[in-house]
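# Structure at a glance
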Amino acid sequence: MDYITTVEMSKIWGISSRRISLLCSQGRVPGAGKKGKTWLLPKDAVKPTDPRKK
């Protein structure tokens, strides 16, 4: 499985890398893991939905 960083995923999802890091730390991105200080996400990860929107 290929992994990418939060910076690369932010370009795909259209949100900030800081927001993606927060989603990862909350456990809302399945398959995400930390290597050192960097979050690694599966390349085919799906953007979590915003629970505030219905």
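Refer to the structure presented above.
Read on for a plain summary of the structure. (Residues numbered from 1 in each chain as written. Predicted model: local features only at pLDDT ≥ 70, side-chain atom pairs only at ≥ 80, totals over all residues. Heavy atoms only, no water.)

## Digging into the nonpolar core
- Ranked by size, the top nonpolar core spans 10 residues in total: Ile4, Met9, Trp13, Ile20, Leu23, Cys24, Val29, Trp39, Leu41 and Ala45.
- Put simply, the parts of the chain that give this core at least two residues each are α1 (6-13), α2 (17-25) and β3 (38-42).
- Top contributing element to this core by residue count: α2, with 3 residues. (Core = buried A, V, L, I, M, F, W, Y, C linked by side-chain atoms within 4.5 Å. Buried < 20%, exposed > 50% of the residue type's maximum accessible area, 1.4 Å probe, protein only. Helix = DSSP H or I, 4+ residues; strand = E, 2+ residues; numbered from the N terminus.)

## Concerning the pattern of salt bridges
- For the coordinates displayed, the defined rule picks out 1 salt bridge.
- For Arg52, the salt bridge identified is with Asp50, shortest N-O distance 2.7 Å.
- Exposure remark for Arg52: the relative accessible area of 69% places this residue in the exposed category.
- Residue classification places Asp50 among the partly exposed residues on the basis of a relative accessible area of 23%. (Salt bridge = Lys/Arg side-chain N within 4 Å of Asp/Glu carboxyl O.)

## Topic: the side chain of Thr6
- By the element assignment, Thr6 lies in helix α1.
- Residues within four places of Thr6 in sequence aside, it is in contact with Ser17, Ile20, Ser21, Trp39 and Leu41. (Contact = heavy atoms within 4.5 Å.)

## Re the side chain of Ser10
- Turning to its location among the elements, Ser10 is positioned in helix α1.
- According to the relative accessible area criterion, Ser10 is buried, its value standing at 15%.
- Once you skip the residues sitting within four places of it in the chain, Ser10 turns out to touch Ile15, Ser16, Ser17 and Ile20.

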